[in-house]
Amino acid sequence: MRRPVDETHDPARTSWVASANGHRDFPVQNLPYGIFSPAGEAARAGVAIGDAILDLRACAAAGLLPATAREACRDDTLNVLMALATADRATLRQRLSTILSDPAMEGMAAPLLHDSAACAMHLPARIGDYTDFYVGIHHANNVGRQFRPDNPLLPNYKYVPIGYHGRASSVRVSGEPAVRPRGQRKPPEAGAPRFEATQRLDYELELGVWIGEGNALGTSIAIGDAERHIAGLSLFNDWSARDFQAWEYQPLGPFLAKNFHSTVSPWVVTTEALAPFRVAQPSRPEGDPAPLPYLWDADDQAHGALDLTLEVFLLTAAMRAAGAAPVRLSRGPATSMYWTLAQIVTHHASNGCNLNPGDLLGTGTISAATREGFGSLLELTTGGRDPVALPNGEQRGFLEDGDEIILRASADADGFVPIGFGECRAIILPAR
Ligand code: MN
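Residues numbered from 1 in each chain as written. Predicted model: local features only at pLDDT ≥ 70, side-chain atom pairs only at ≥ 80, totals over all residues. Heavy atoms only, no water.

**Looking at the overall build of the protein**
Our working definition: Only DSSP runs of H or I reaching four residues or more are called helices, and only runs of E reaching two or more are called strands; each is numbered from the N terminus. Both definitions apply: the radius of gyration is a C-alpha atom measure, and the globule rule equals 2.2 Å times residues to the power 0.38. Summary of the burial criterion: residues with accessible area below 20% of their type's maximum are buried, those above 50% are exposed, and those between are partly exposed, where the area comes from a 1.4 Å probe applied to protein chains only. It only takes one pair of heavy atoms within 4.5 Å for two residues to be counted as in contact. Note that accessible areas follow from Shrake-Rupley with a 1.4 Å probe, and for residues the cover is restricted to the protein chains shown. His residues and chain termini do not enter the charge count, which takes Lys and Arg as positive and Asp and Glu as negative. Every charge is mapped onto a representative atom, which is NZ of Lys, CZ of Arg, CG of Asp or CD of Glu.
Regarding its fold elements, the protein presents 11 helices and 27 strands. Computed over the C-alpha atoms, the radius of gyration of the protein is 21 Å, within 12% of the 22 Å expected from 2.2 N^0.38 for a compact globule of 432 residues. Its C-alpha atoms put the protein at 70 × 55 × 40 Å along the principal axes. Within the protein, the fraction of its 432 residues that count as buried is 55%. Contacts in the protein between residues far apart in sequence, at least 24 positions, make up 74% of those at least 6 positions apart. When the accessible surface of the protein is totalled, it reaches about 17000 Å², and 54% of it is carbon and sulfur. Charge-centre separation for the protein: the mean point of 37 positive side chains lies 4 Å from the mean point of 49 negative side chains.

Pasting the structure below:
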């Protein structure tokens, strides 16, 4: 079941933190959790509010938080907070909304704020396991056409939410540079592969799904229960070396093309905050099979999709040197997912696989039906054949050293204050 809309979403509610009112990402209606450290101090949990961060550990110490959330807010990761029961999560959110909107709370809470610009952000959770899915139907079609022109979508796609187990320890927080990987690549004209730096480095625009309450090994998660196991969402960039990928992916799927680095945004936008932005899962095209019963839930079909707008920006070294703003490469909706978040969670646990609090699921690249919303360079440039022309005269087939990719997302709905995710960004360093 999706979370309810309540007074924490009230568009009339404002914050005594002035920068929060009208903030593109973090108005008082959002309240995302993250792990931050003020300059020279230890990491701790916080809530983003405008251009500031409210120190949750200090709030707990000051007795400002509900008893059920106090311990979770004292950790230096969000794993325990993510696993809080639904009712306790809602109570904490309501309390934080009151603290940050009630002018009577300003005297007590203002000393617990930090300027975001002076803080370092860390991974939100200890990620025990990371799995990447492939739910972007347009991405699957576009990529499938390049790898297998006669057979773009394999016959299992419309029955199985396709995924693979990725590497948790190379998932890094936004801002940490990614080093261009070396690996085996075999250009079509070459008789044998060579070991060298990738020449087809790409990004993938994805959402990251944080698991809240887990399930024990040997048990599964009913589709009607799956939303309860999702703590929130971040932006996720699944960096990909397309030349390695094309050579290595059969028969076991992605490996070194993907596991050298993945970037996740630091703020966890909760499923509570996203409640007003839930929309119906788009109906499947005529002739597609219905999901098998274990993946079918009427409420999930009615509210399981997210009305988000996703954007990708590029800042090249030359643009940075010239003081130019990042250029937008794409903009599209998050509704072109063939499977809902609940369906990928349920499918993942359907064989008894145990999900744990703080596990991360990538949705897979989310591309729109049309070019302006394609979520990777592989698609935007048709495998590098049609480079993107940048305003300063540069061109990009794939990424070059010094390029920085920035992902953004915003949620907007009539009658509600829009919220955003902050940035997911990283720069490419030369191969070592
Ligand atoms: Mn991916």
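**Comments concerning the coordination of the manganese ion**
Inclusion rule: Only N, O and S atoms count as donors, using a 2.8 Å limit from the metal and a wider 3.2 Å limit for Na, K and Ca, and since water is excluded some coordination spheres may look unfilled.
Taken together, Asp 132 (OD), Glu 204 (OE), Glu 206 (OE) and Asp 238 (OD) make up the full set of protein donors to the manganese ion, lying 2.1 to 2.2 Å away. Here the donor residues of the manganese ion share one chain and are spaced in sequence as D-x71-E-x1-E-x31-D. Placement of Glu 204 in the loop between β12 (201-202) and β13 (205-211) and of Asp 238 in the loop between β14 (230-237) and β15 (240-241) is noted, with a sequence separation of 34 residues between them. Glu 204 gets classed as buried once you look at its relative accessible area, which sits at 3%.

**Side note on the pattern of salt bridges**
For clarity, the cut-off: Salt bridges are counted wherever a side-chain nitrogen of Lys or Arg sits within 4 Å of a carboxyl oxygen of Asp or Glu.
For the structure on display, the rule yields 28 salt bridges. Across the pair Arg 396 and Glu 400 runs a salt bridge, and its minimum N-O distance is 3.8 Å. Classification of Glu 400 by relative accessible area gives partly exposed; the value is 40%. The shortest N-O distance in the salt bridge between Glu 423 and Arg 408 comes to 3.2 Å. On the criterion of sequence distance, the pair formed by Glu 423 in the loop between β26 (419-420) and β27 (424-429) and Arg 408 in strand β25 (residues 404-411) is long-range, its members being 15 residues apart.

**Observations regarding the sheet that holds strand β3 (residues 52-55)**
Put simply, the test is: A pair of strands is treated as paired once DSSP finds two or more bridges between them. Helix axes are fitted to C-alpha atoms over the stretch in contact, other axes to C-alpha atoms as well, and angles between N-to-C directions run from 0 to 180 degrees.
Read across the sheet, 5 strands follow the order β4-β3-β2-β1-β5 without closing on themselves; strand pairing throughout is antiparallel. Here the strands that pair on one side only, and so sit at the sheet edges, are β4 (113-115) and β5 (119-122). Adjacent strand axes in the sheet meet at a mean angle of 45° when their direction is disregarded. As defined by bridge partners, strand β1 (residues 33-38) adjoins β5 across 4 bridges and the pair is classed as antiparallel. In the strand pairing of β5, Ile 35 is matched with His 122.

**Quick word on the packing of aromatic side chains**
What counts here: Two aromatic rings from Phe, Tyr or Trp, using only the six-membered ring of Trp, form a pair when their centres are within 6.5 Å; if the ring planes differ by under 30 degrees the pair is stacked, by over 60 it is edge-to-face, and anything between is tilted. Ring-over charges, as used throughout, are those where CZ of Arg or NZ of Lys falls within 6 Å of the ring centre and within 35 degrees of the ring normal.
By the definition in use, this model includes 6 aromatic pairs. For the ring pair Phe 277 and Phe 416, a centre distance of 6.5 Å and an interplane angle of 65° mean the geometry is edge-to-face. A residue pair is termed long-range when its members are at least 10 positions apart, and Phe 277 in the loop between β17 (269-270) and β18 (278-279) and Phe 416 in the loop between β25 and β26 qualify at 139 residues. In this structure Phe 277 comes out as buried when scored by relative accessible area, which is 2%. Where Tyr 338 meets Trp 339, the ring centres are 5.6 Å apart and the plane angle is 80°; that geometry is what we call edge-to-face. Trp 339 carries the same exposure label as Tyr 338, and that label is buried. Taken together through their ring pairs, the aromatic side chains of Tyr 134, Tyr 157, Tyr 338 and Trp 339 make up a single cluster. A cation sits over an aromatic face here: Arg 44 above Phe 36, 5.9 Å from the ring centre. Over the ring of Trp 339 we find Arg 284, and its NZ or CZ is 4.5 Å from the ring centre.

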